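Examining the three-dimensional arrangement
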Amino acid sequence: MSDYALPIASLGVLILFCAWREYAGDNRRDVKLMAACGAGSVLAGAAAWLA
């Protein structure tokens, strides 16, 4: 387990939360990009946790 896995994953969760708020507020211009970055960050945190 890596020391920086949890901060990377929590940043991804924060980005996903922001994407959800933008989607709920009918501001859907950048939601796909934010969701992709958030999901990628969560996956990177999981990979760092396992490695």
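This structure is a prediction, so every number in the text was calculated from the model and none was measured.

1. Considerations on the overall build of the protein chain
Counting its secondary structure elements, the protein chain contains two helices and zero strands. Over its C-alpha atoms, taken along the principal directions, the protein chain stretches across nearly 40 × 10 × 10 Å. Burial statistics for the protein chain: of 51 residues in total, 18% are counted as buried. The long-range fraction of contacts in the protein chain, counting pairs at least 24 apart against all pairs at least 6 apart in sequence, stands at 58%.

2. Observations concerning the pattern of salt bridges
Per the stated rule, a full pass over the model turns up two salt bridges. For the salt bridge of Arg28 with Asp26, the shortest nitrogen-to-oxygen distance reads 3.3 Å. Relative accessible area serves as the criterion here: at 48%, Arg28 is assigned to the partly exposed category. On the basis of relative accessible area, Asp26 is assigned to the exposed category, the value being 61%.

3. Overview of unusual backbone geometry
In this model, Asp26 sits at a positive phi of 60°, which is unusual for a non-glycine residue. Within the secondary structure, Asp26 is located in the loop between helix H1 (5-24) and helix H2 (31-50).

4. Some words on the environment of Gly45
Relative to the assigned elements, Gly45 resides in helix H2. Contacts of Gly45, omitting those with residues within four sequence positions, involve Ala5, Ile8 and Ala9.

5. Some details on H1
Between the first and last C-alpha of H1 there are 29 Å, a value that for 20 residues agrees with the 28 Å anticipated at 1.5 Å per step. Following H1 by one or two positions, Asp26 has its phi on the positive side, about 60°.

6. What to know about H2
The terminal C-alpha atoms of H2, which comprises 20 residues, lie 28 Å apart, in line with the 28 Å expected from a rise of 1.5 Å per residue. Those residues of H2 that fall on the buried side of the exposure criterion are Val31, Gly38, Ser41, Gly45 and Ala48. Buried residues of H2, seen end-on, are gathered within an arc of 130° and therefore sit on one face of the element. Those residues of H2 that are exposed and angled more than 90 degrees off the buried face are Lys32, Leu33, Leu43 and Leu50. Buried-residue contacts for H2 involve H1.

Definitions and cut-offs
- Residues numbered from 1 in each chain as written.
- Predicted model: local features only at pLDDT ≥ 70, side-chain atom pairs only at ≥ 80, totals over all residues.
- Heavy atoms only, no water.
- Helix = DSSP H or I, 4+ residues; strand = E, 2+ residues; numbered from the N terminus.
- Buried < 20%, exposed > 50% of the residue type's maximum accessible area, 1.4 Å probe, protein only.
- Contact = heavy atoms within 4.5 Å.
- Salt bridge = Lys/Arg side-chain N within 4 Å of Asp/Glu carboxyl O.
- Expected span 1.5 Å × (residues − 1).
- Arc of directions from axis to C-beta.

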